[in-house]
Amino acid sequence: MLAVVGSRVYAEAQTVKPRMERNSLMMTRRQALRNTALASAACATVFANRTARAQPKAATASATTTATIVNGPFILPPLPYPFDALEPHIDARTMEIHHDKHHAAYVANLNKAIAEFPELGKKSVEDLLKDLNTLPEKVRIAVRNQGGGHYNHSLFWQMMKKDGGGQPSGGMATAIDRGFGSYSAFRDKFTEAATRVFGSGWAWLLLDGHDLKIEPGPNQDAPLSQGKQPLLGIDVWEHAYYLKYQNRRPEYIAAWFNVIAWDFVADRYSKLSAL
Ligand code: MN
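Everything in this summary refers to the structure shown in the same document. Since we're looking at a predicted model, the values are computed, not measured.

**Description of the sheet that holds strand β4 (residues 211-218)**
Piece 1. Pairing in this open sheet of three strands is antiparallel, and the strands run β4-β3-β5 from one edge to the other. Each of the sheet's edge strands pairs with one partner strand only, and the pair in question is β4 and β5 (229-235). Looking at each pair of strands side by side, their axes are set apart by 20° on average, direction ignored.
Piece 2. Pairing of strand β3 (residues 201-208) with β4 involves eight bridges; the strand directions are antiparallel. Following the sheet pairing, A203 is matched in β4 by P216.

**Thoughts on helix α14 (residues 262-273)**
Piece 1. For α14, with twelve residues, the first-to-last C-alpha span of 16 Å sits near the 16 Å given by 1.5 Å per residue.
Piece 2. Inspection of α14 places W262, F264, V265, A266, D267, R268 and Y269 among the buried residues, and these make up the whole buried set.
Piece 3. Buried-residue contacts for α14 involve α9 (137-158), α10 (170-180), β3 and β5.

**Topic: the environment of V265**
Piece 1. With respect to the element layout, V265 can be found in helix α14.
Piece 2. The class of V265 is buried, set by 23 C-beta atoms lying within 10 Å.
Piece 3. Residues V265 and M159, 106 residues apart in the sequence, show an inter-C-alpha distance of 6.6 Å.

**Thoughts on unusual backbone geometry**
Piece 1. Note that the residue after E87, namely P88, is joined by a cis bond; omega there is 0°.
Piece 2. Of note, P88 is situated in the loop between β2 (75-76) and α6 (92-114).
Piece 3. The backbone phi angle of Q246 is positive, close to 45°, even though this residue is not glycine.
Piece 4. Relative to the elements of secondary structure, Q246 occurs in the loop between α12 (242-245) and α13 (249-256).
Piece 5. For Q246, a count of 11 C-beta atoms within 10 Å puts it in the exposed group.

**Section: the nonpolar core**
Piece 1. Within the largest apolar cluster, 57 residues are counted, with the highest numbers of intra-cluster contacts made by A203 and V265.
Piece 2. The residues that make up this core include at least three from each of domain 1 (92-158) and domain 2 (170-273).
Piece 3. Not counting residues within four places of it along the chain, the set of residues in contact with V265 comprises M159, P168, M172, L231, L232 and I260.

**Regarding the pairing of β5**
Piece 1. In terms of burial, β5 is a largely internal element, seven of the seven residues being buried.
Piece 2. Two elements, β3 and β5, share six bridges in a ladder whose sense is antiparallel. Bridge pairing in β5 links L207 to Q229.

**Focus on the pairing of β3**
Piece 1. The buried fraction of β3 is high, at seven of eight residues.
Piece 2. In this structure, the hairpin formed by β3 and β4 is closed by a connection of two residues, where G209 is found at a positive phi of approximately 65°.

**So, the packing of α6 against α9**
Helix packing geometry: the angle between the two helix axes and the distance between the axes.
Piece 1. It is the contact of α6 with α9, at a shortest axis distance of 9 Å, that shows an interaxial angle of 145°. Crossing of α6 over α9 shows left-handed handedness. For the pair α6 and α9, the contacting residues are H99, H103, Y106, V107, N109, L110, A113 and I114 in the first and V139, A142, V143, Q146, G147, G149, H150, H153 and W157 in the second.
Piece 2. Tallied by class, residues from the contact of α6 with α9 come to nine nonpolar, eight polar and no charged.

**Regarding the packing of α10 against helix α11 (residues 183-196)**
Piece 1. Running from N to C, α10 and α11 cross one another at 70°; their axes reach a closest spacing of 8 Å. On the basis of the axis angle, α10 is roughly perpendicular to α11. Crossing of α10 over α11 shows left-handed handedness. Of the residues in α11, those in contact with A173, I176 and F180 of α10 are Y183, A185, F186 and K189.
Piece 2. Here the residues of the contact of α10 with α11 are counted per class, giving six nonpolar, no polar and one charged.

About the cut-offs
Residues numbered from 1 in each chain as written. Predicted model: local features only at pLDDT ≥ 70, side-chain atom pairs only at ≥ 80, totals over all residues. Pairing = 2+ DSSP bridges. Helix = DSSP H or I, 4+ residues; strand = E, 2+ residues; numbered from the N terminus. Axes fitted to C-alpha atoms, helices over the stretch in contact; angles between N-to-C directions. Expected span 1.5 Å × (residues − 1). Buried ≥ 20, exposed ≤ 12 C-beta atoms within 10 Å, placed from the backbone. Contact = placed C-beta atoms within 7 Å. Core = buried A, V, L, I, M, F, W, Y, C linked by C-beta atoms within 7 Å. Domains from an automatic or database assignment. Left-handed = near helix turned anticlockwise from the far one by under 90°. Nonpolar A, V, L, I, M, F, W, Y, C, P; charged D, E, K, R; others polar. Parallel < 35°, antiparallel > 145°, perpendicular 65-115°, else oblique.

Written out as structure tokens, the structure is:
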């Protein structure tokens, strides 16, 4: 039941995820802790390509973080590492607030928004975001913002890791060289995009068809809604860096390159480019 982002597995993902998420509503906290791996699987569609490797890590991290039920079909996935794993580049307090408060709020508000449309709770957040125009008008903006926030952050945690950074290798490295000339040129272009985001948003490395692109994304807009697959993204909302870096966003961006989980990004690229 390894879920990858792609139409081939949607049917399976749609039937598995909501059922498991509803089941998790009835869990006691102890059960939830014991079943962290199960909860990770329930998030398989947002945990996408890293599911198999994320499970043991999530279980290890369950002492500090666990999947959290927020009154509805969508759940807050556990952070796949302790809050302080990304120190000194991203501080533990920022990670704690970012995950436990900000991401949790997106999940809670998504659940609230779709409460009167139970059929929407049976879909994966990816499917909701891919077809915003088919949603009831009443919930379209909330799903775009809150669902986008849930999806983007679920990926963001996995795009970083302790002792990350360095440069990609293998097919990802080749694709970056082909798309941008070199890793160094990629890094410059990505840094510029992230620095230039006005207000709150993200900068993304995207797979658009078979092409790699770097694009800014306002607010919590998910690239999926434009038919593009995110490979790597940096959250440049102030909540992602303000405690440590205040107004010095360029310092945060430079530090963030030291925590990129290139193995996760390369794995996504390899699976998504093969679809
Ligand atoms: Mn954020």
